Amino acid sequence: MNIDELIEYARDNNCSDIHITSLGEVALRQYGNLKKLDNEFTKEELDQIIYEMLDGEQRDIYIGGQDLDFSYETKGSKIRCRANTYHQRGTNAACLRIMGTTVPTLESLDLPEVIRSLAEQPRGLVLVTGPTGSGKSTTLAAMIDYINRNRAEHILTIEDPIEFVYTPDKSTIHQREIGRDVGSFADALRSALREDPDVILVGEMRDFETISSAITAAETGHLVMSTLHTTGASDTVNRIIDVFPPHSQNQIRTQLASVLRGVVTQNLVPLASGEGRVAATEIMIGTDAIANLIRTDKVYQIDSTMQTGMKDGMHTLNMNLRELIQKGMITQEMALKRSNNPKGLL
C-alpha cells in the first residue's frame, strides 16, 4: 500500500485523519474515533509511505530533524490533505487531515442560515472557533465559496498550509502559503493592506502580532475571516483581549467591539446511530448590545444576551445541543461531553 492508496482507503471509509508511525502502526480516525489498521507494515514500508509525500528539499529538511507542515494531493483522485511530519522515539511519524476533493458549499453543510449573512458582510471580523477537528476550515471554505459565487471581490487567503484550492468565479482569488509564499501570517497581513483585497482569510490567529494585524485590517474596511481554538463566544472575546498587554486592553476592547461581526463556534458530535457526525453550533452576532458588553468589559453577560437574541440569529451551544437531543440525532451522554457548560445543559 502506498500513500495515495492509504489516503483513498481512508476517504472511502469516511475517515478524517491518518496517523502513521514507522515503528509499525497506522491508525485512522473515523467519526471521531481512532481505529488501528490490521495490516502489518514494516518500518521500511512506513518510512517509504511518509517519504512519498515529500519532495527533495522537504525530505532533506525532515531527515535533518525538523518537523514539516505542508499540503499533499493524491496523484489520481486529487484528494487534498493537510500533513505534518515529525519524529518520535527517534523514528518517523506523520499525521494527515483529509480535506476532500471539492470546496464545500454552505448548503451542503446544512449550517444555520445566519452564517450566510455573516459571509455577506462588507467589512469587519468574522471568527469560526472550536477544538481541533471541529470543521472550522470547512465552514470558512464554504463561506469563501459563497462569496466567490455571488460577489465580484478580491479574496486573499493566508494559510499554513493551503487546504482548499478555489476556482475563481465572480471573484478574483489569490492564495498564499506560509513558508512557501510568505514568511508568516503577520508578514502576509502587513502586505495584504497594499494588495487591494476585499476579503482576507487568515488560516489561524495564533499570536499577538497576527491578531493585532487582523483587527487593523478589519478596521480599515476589509472583511477578515479567521479561526481560533476556543470553545465559545465569550471565551473567544476574552482570548483576544488577553493576548494584549494590560495597558492596551481598554483600547482593544473598543476596537474589537467596533469590528466584530460574529463568532461561530462549532463542535462535531457523533450521531446517535454511530454513522457520522453533526455540527453543533454556538452563534454570536455583533449587535449593538454585544458590542456594548465587549466595550464595557462585561463579557460574562454575553451568554445570557445570546439566549435572548434568537431574533438576531444567536444561540448558545447548549441551546443547539438540546435541540439535537430532542430530534433524536445525538444522545444526552454525548451532548454532555461536548458542552462547554454541562451543568447548564441539564
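Everything in this summary refers to the structure shown in the same document. (Residues numbered from 1 in each chain as written. Predicted model: local features only at pLDDT ≥ 70, side-chain atom pairs only at ≥ 80, totals over all residues. Heavy atoms only, no water.)

### Digging into the side chain of Thr-210
No. 1: By the secondary structure assignment, Thr-210 is in helix H8 (residues 208-219).
No. 2: Within the structure, the side chain of Thr-210 is placed 2.8 Å from the side chain of Asp-207, a separation counted as a polar contact.
No. 3: Setting aside chain neighbours within four positions, we find Thr-210 in contact with Phe-185, Ala-186, Leu-189, Val-202, Glu-204 and Met-205. (Helix = DSSP H or I, 4+ residues; strand = E, 2+ residues; numbered from the N terminus. Polar contact = N/O pair within 3.5 Å; in protein donor to acceptor, adjacent residues only side chain to side chain. Contact = heavy atoms within 4.5 Å.)

### Considerations on the sheet that holds strand S2 (residues 25-30)
No. 1: The six strands lie next to each other as S3-S2-S1-S6-S5-S4, forming an open sheet whose pairing is antiparallel. The two strands at the open ends of the sheet, each matched to only one other strand, are strand S3 (33-36) and strand S4 (68-73). Strand-to-strand twist of the sheet, defined as the mean angle between neighbouring strand axes without regard to direction, takes the value 25°.
No. 2: As paired strands, strand S5 (residues 80-88) and strand S6 (residues 91-100) are joined by nine bridges and run antiparallel to one another. Note on S6: the bridge partner recorded for Ala-83 is Leu-96.
No. 3: Set on the sheet, helix H1 (residues 3-12) makes contact with strand S1 (15-21), S2, S4, S5 and S6; between it and S1 the angle comes to about 145°. (Pairing = 2+ DSSP bridges. Axes fitted to C-alpha atoms, helices over the stretch in contact; angles between N-to-C directions.)

### What to know about unusual backbone geometry
No. 1: Cis geometry marks the peptide bond from Asp-160 to Pro-161, where omega comes out at -5°.
No. 2: Within the secondary structure, Pro-161 sits in the loop between strand S8 (154-159) and strand S9 (172-177).
No. 3: We note that Arg-89 has phi near 50°; this positive angle belongs to a residue other than glycine.
No. 4: As for its placement among the helices and strands, Arg-89 is situated in the loop between S5 and S6.
No. 5: For Arg-89, a relative accessible area of 72% gives the class exposed.
No. 6: Backbone geometry places Asp-196, a non-glycine residue, at a positive phi of 55°.
No. 7: Looking at the element boundaries, Asp-196 is found in the loop between helix H7 (185-192) and strand S10 (199-202). (Buried < 20%, exposed > 50% of the residue type's maximum accessible area, 1.4 Å probe, protein only.)

### Focus: the packing of aromatic side chains
No. 1: If you walk through the whole model with that rule in mind, you get two aromatic pairs.
No. 2: Ring geometry for Tyr-51 and Tyr-62: centres 6.5 Å apart, planes at 70°, overall edge-to-face. Of this pair, Tyr-51 sits in helix H2 (residues 43-51) while Tyr-62 is found in helix H3 (residues 56-63), placing the two residues eleven residues apart along the sequence. No difference in accessibility class separates Tyr-51 from Tyr-62, as the two residues are buried.
No. 3: Taking the centre distance of 5.1 Å and the plane angle of 75° together, the rings of Phe-208 and Phe-244 count as edge-to-face. Separated by 36 residues along the polypeptide, Phe-208 in helix H8 and Phe-244 in the loop between helix H9 (233-243) and helix H10 (249-259) bring together distant segments of the chain. (Phe/Tyr/Trp six-rings, centres within 6.5 Å; stacked < 30°, edge-to-face > 60°.)

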